[in-house]
Amino acid sequence: MCTYGYCWVSTKQQSMDRQIRNIKSSYDNAVIIQEVGTGQDRPEWNKLYKNVKAGDTIIFDSVSRMSRNADEGFYLYEKLFNKGIELVFLKEPHINTSTYKNALESDILMTRTNAEFILESVNKYLTSLAKEQIRLAIEQSEKEIRDLHQRTKEGIETARLNGKQIGQRQGAKLTTKKSIEAKKQIREQSRDFNGTLSDADCMKLTGLARNTFYKYKRELRSE
């Protein structure tokens, strides 16, 4: 039996560190599966979905990491549940598969009569309840993301109206550790400064793109 932690972000600009940290803090033995991409293109998830076996566990930081669509989310939930996979949602523990397994086993043990009929009825009820809970959880997650985007947009607009600079001013120099080191190499190696290398050789040495290289040279001359 294996325990997996599935972490998913849509773009490379987003960080999944928080997801990994949350999963590892509760399941330190989890094998972390990392995914960057849109909901339509998730090769790592498809591979995991295909290879998990009965008795395995998949941990999600949130149900929105399994799917961002309520219908697809329940389809995946039901398929994995019926396959015998344990699903754990750290932010929505009320829809963990263990909740429904325990409820089902408890009801059957209490009745002991017409077991097949009761099993079918309870299973239908729990399936319906699970679908609604998952739908609500995903919709709530979607709402939180929309609200965050709206608050960010409003905050930027408020700052702009108050005369604050949004983003980098045109023509401003962006100083980074990488730019400092690259400029140092240009100053030491370029024949336009203290070195002997041509521009082509200097670009190879620094690994800079042509536009960036000449931008740094202009900035060095103006310093």
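Relevant structure appears above.
Structural notes, computed from the coordinates. By convention here, each chain's residues receive numbers from 1 onward along its written sequence. Per-residue local features of the predicted model are confined to residues with pLDDT of at least 70, and side-chain atom pairs are confined, for both listing and counting, to 80 or more; whole-chain, interface and lining totals are unaffected and use all residues. Each side-chain value is derived from all of the structure's non-hydrogen atoms; neither hydrogens nor water enter the calculation.

### Some thoughts on the pattern of salt bridges
Definition used for salt bridges: Asp or Glu carboxyl oxygen within 4 Å of a side-chain nitrogen of Lys or Arg. Scanning all chains against the criterion turns up seven salt bridges. Residue Asp192 pairs with Arg221 through a salt bridge whose shortest N-O separation is 3.6 Å. One end of the pair, Asp192, is in the loop between α6 (177–189) and α7 (199–206); the other, Arg221, is in helix α8 (residues 210–222), with 29 residues separating them in the sequence. The numbering of helices and of strands both runs from the N terminus, where a helix is a DSSP run of H or I of at least 4 residues and a strand a run of E of at least 2.

### Topic: the pairing of strand β4 (residues 86–89)
The side chains of a regular strand alternate between both faces of the sheet. With burial as the criterion, each face of β4 is covered, one bearing Glu86 and Val88 and the other bearing Leu87 and Phe89. As paired strands, strand β3 (residues 57–60) and β4 are joined by four bridges and run parallel to one another. Pairing of Ile59 across the sheet is with Val88, part of β4. Whether a crossover is right-handed depends on one test, that the path from the first strand over the helix to the second runs clockwise when the strands point away from the viewer. Note on the crossover from β3 through helix α3 (residues 70–82) to β4: the handedness is right-handed. Whether a residue is buried, partly exposed or exposed follows from its accessible area with a 1.4 Å probe, protein chains only, as a fraction of its type maximum: under 20%, in between, or over 50%, in that order. Strand pairing requires that DSSP identify at least two bridges connecting the strands.

### Things to note about the packing of aromatic side chains
Each aromatic ring pair is described using two quantities: the centre-to-centre distance and the angle formed by the ring planes. Two rings from Phe, Tyr or Trp (for Trp, the six-membered ring) form a pair when their centres are within 6.5 Å of each other. A pair whose planes differ by under 30 degrees is stacked, one over 60 is edge-to-face, and the rest are tilted. Here the structure, examined in full by the defined rule, presents eight aromatic pairs. Pairing Trp45 with Tyr49 gives two aromatic rings, centres 6.1 Å apart and planes at 35 degrees, and the pair type is tilted. With Trp45 and Tyr49 both in helix α2 (residues 43–51) and four residues apart, the pair spans about one turn of that helix. Ring centres of Phe60 and Phe89 lie 5.2 Å apart, and the angle between their planes is 15 degrees; this geometry places the pair in the stacked category. With Phe60 in strand β3 and Phe89 in strand β4, the pair connects residues that are 29 residues apart, well separated along the chain. Judged by its relative accessible area of 0%, Phe60 is buried. Under the relative-accessibility criterion, Phe89 is labelled buried at 0%. Site record: aromatic cluster; members linked through ring pairs are Tyr6, Trp45, Tyr49, Phe60, Tyr77, Phe81 and Phe89. Consider the ring centre and the ring normal. A charge sits over the ring if Lys NZ or Arg CZ is within 6 Å of that centre and within 35 degrees of that normal. Lying across the ring of Trp8, Arg42 places its NZ or CZ 4.2 Å from the centre. Lying across the ring of Trp8, Arg65 places its NZ or CZ 5.5 Å from the centre.

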